[in-house]
Amino acid sequence: MIDSNGIAQTFYEIETNSPEETFAFAKQMAEKAEPGDVITLDGDLGVGKTVFAQGIAEGLGITGAVNSPTFTILQIYEEGRLPLYHFDVYRIADPEEMDEIGYEDCFYGNGVTLIEWAQLIPEILPSSYRSVKIEKDLEKGFDYRKIIVKEIGGE
């Protein structure tokens, strides 16, 4: 599929019914990750982005505690199979602030970059990345989540 900007996109959806299932899906995704992969992670507050990030970390072989870097903006974990660069850009007022953090070294480095609230910085995202959006539907249960994965750009 080609979007309105002429960018190739493929997508799929999965449904999970517990935080453990969401974690396991993210872990499987990370086990296939390669250096330079960028994953954007969007969803409302309380939808499970931190659980997803923890699954990504475990899939990369990171065993320490993983929390959302809401106040630090960037958390780097280097003890896994690949480094994990975990951004939370919720508090970024201007994408130029990302220059000060050195985002390009992460986005185009040898690790996996996970970006929460990436819709706030579309102008600096790489041309190819994996978009993950988590949605909840309380009518389907408190722990129900729909996870929409899109491959943006690429071939």
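Below or above, wherever it landed, is the structure these notes cover. As the structure is a computational prediction, the values presented were derived from the model and not from experiment. (Residues numbered from 1 in each chain as written. Predicted model: local features only at pLDDT ≥ 70, side-chain atom pairs only at ≥ 80, totals over all residues. Heavy atoms only, no water.)

A short note on the side chain of lysine 49
Positionally, lysine 49 belongs in helix 2 (residues 49–59). Within the structure, the side chain of lysine 49 is placed 2.9 Å from the backbone oxygen of glycine 43, a separation counted as a polar contact. A polar side-chain atom of lysine 49 sits 3.1 Å from the main-chain carbonyl oxygen of aspartate 44. Beyond its immediate sequence surroundings of up to four residues, lysine 49 is in contact with Leu41, Asp42, Gly43, Asp44, Glu116, Trp117 and Ile134. (Helix = DSSP H or I, 4+ residues; strand = E, 2+ residues; numbered from the N terminus. Polar contact = N/O pair within 3.5 Å; in protein donor to acceptor, adjacent residues only side chain to side chain. Contact = heavy atoms within 4.5 Å.)

Side note on a negative patch on the surface
A cluster of acidic side chains, namely Asp94, Glu96, Asp99, Glu100, Glu104, Asp105 and Glu123, defines a negative patch on the protein surface. Of all the secondary-structure elements, those providing two or more residues to the negative patch are helix 3 (97–101) and helix 4 (103–107). (Patch = residues over 30% accessible without salt bridge, like charges linked within 9 Å, V, L, I, M, F, W, Y side chains within 5 Å. Areas by Shrake-Rupley, 256 points an atom, 1.4 Å probe, with all protein chains shown as cover. Salt bridge = Lys/Arg side-chain N within 4 Å of Asp/Glu carboxyl O. Lys, Arg positive; Asp, Glu negative; His and termini not counted. Charge placed at Lys NZ, Arg CZ, Asp CG, Glu CD.)

Topic: the pairing of strand 6 (residues 129–136)
Note that strand 2 (residues 38–42) and strand 6 share four bridges and pair parallel. Looking at strand 6, one finds that leucine 41 is bridged to valine 132. Two strands pair when backbone bridges link them, and strand 6 and strand 7 (residues 145–152) are joined in this way by eight bridges, in the antiparallel orientation. From the neighbouring strand, tyrosine 129 faces strand 7, where its bridge partner is isoleucine 152. (Pairing = 2+ DSSP bridges.)

Brief notes about unusual backbone geometry
In the Ramachandran plot, isoleucine 73 falls in the positive-phi region, its phi being about 70 degrees despite a non-glycine side chain. Here tryptophan 117, not a glycine, exhibits a phi torsion of approximately 65 degrees, which is positive. Positionally, tryptophan 117 belongs in the loop between strand 5 (112–116) and strand 6.

What about the packing of aromatic side chains?
If you walk through the whole model with that rule in mind, you get five aromatic pairs. With a centroid separation of 6.4 Å and 50 degrees between ring planes, the pair formed by phenylalanine 25 and phenylalanine 52 is classed as tilted. In this pair, phenylalanine 25 sits in helix 1 (residues 19–31) while phenylalanine 52 sits in helix 2, placing the two residues 27 residues apart along the sequence. Comparing phenylalanine 25 with phenylalanine 52 shows no difference in burial state: the two are buried. Three or more aromatic residues joined by ring pairs make a cluster, and in this case those are Phe87, Tyr103, Phe107 and Tyr108. (Phe/Tyr/Trp six-rings, centres within 6.5 Å; stacked < 30°, edge-to-face > 60°. Buried < 20%, exposed > 50% of the residue type's maximum accessible area, 1.4 Å probe, protein only.)

Some thoughts on helix 1
Between the first and last C-alpha of helix 1 there are 18 Å, a value that for 13 residues agrees with the 18 Å anticipated at 1.5 Å per step. For helix 1, every residue scored as buried is listed here: Thr22, Phe25, Ala26, Met29 and Ala30. Down the axis of helix 1, the buried side of the element spans an arc of 135 degrees, and every buried residue falls inside it. (Expected span 1.5 Å × (residues − 1). Arc of directions from axis to C-beta.)

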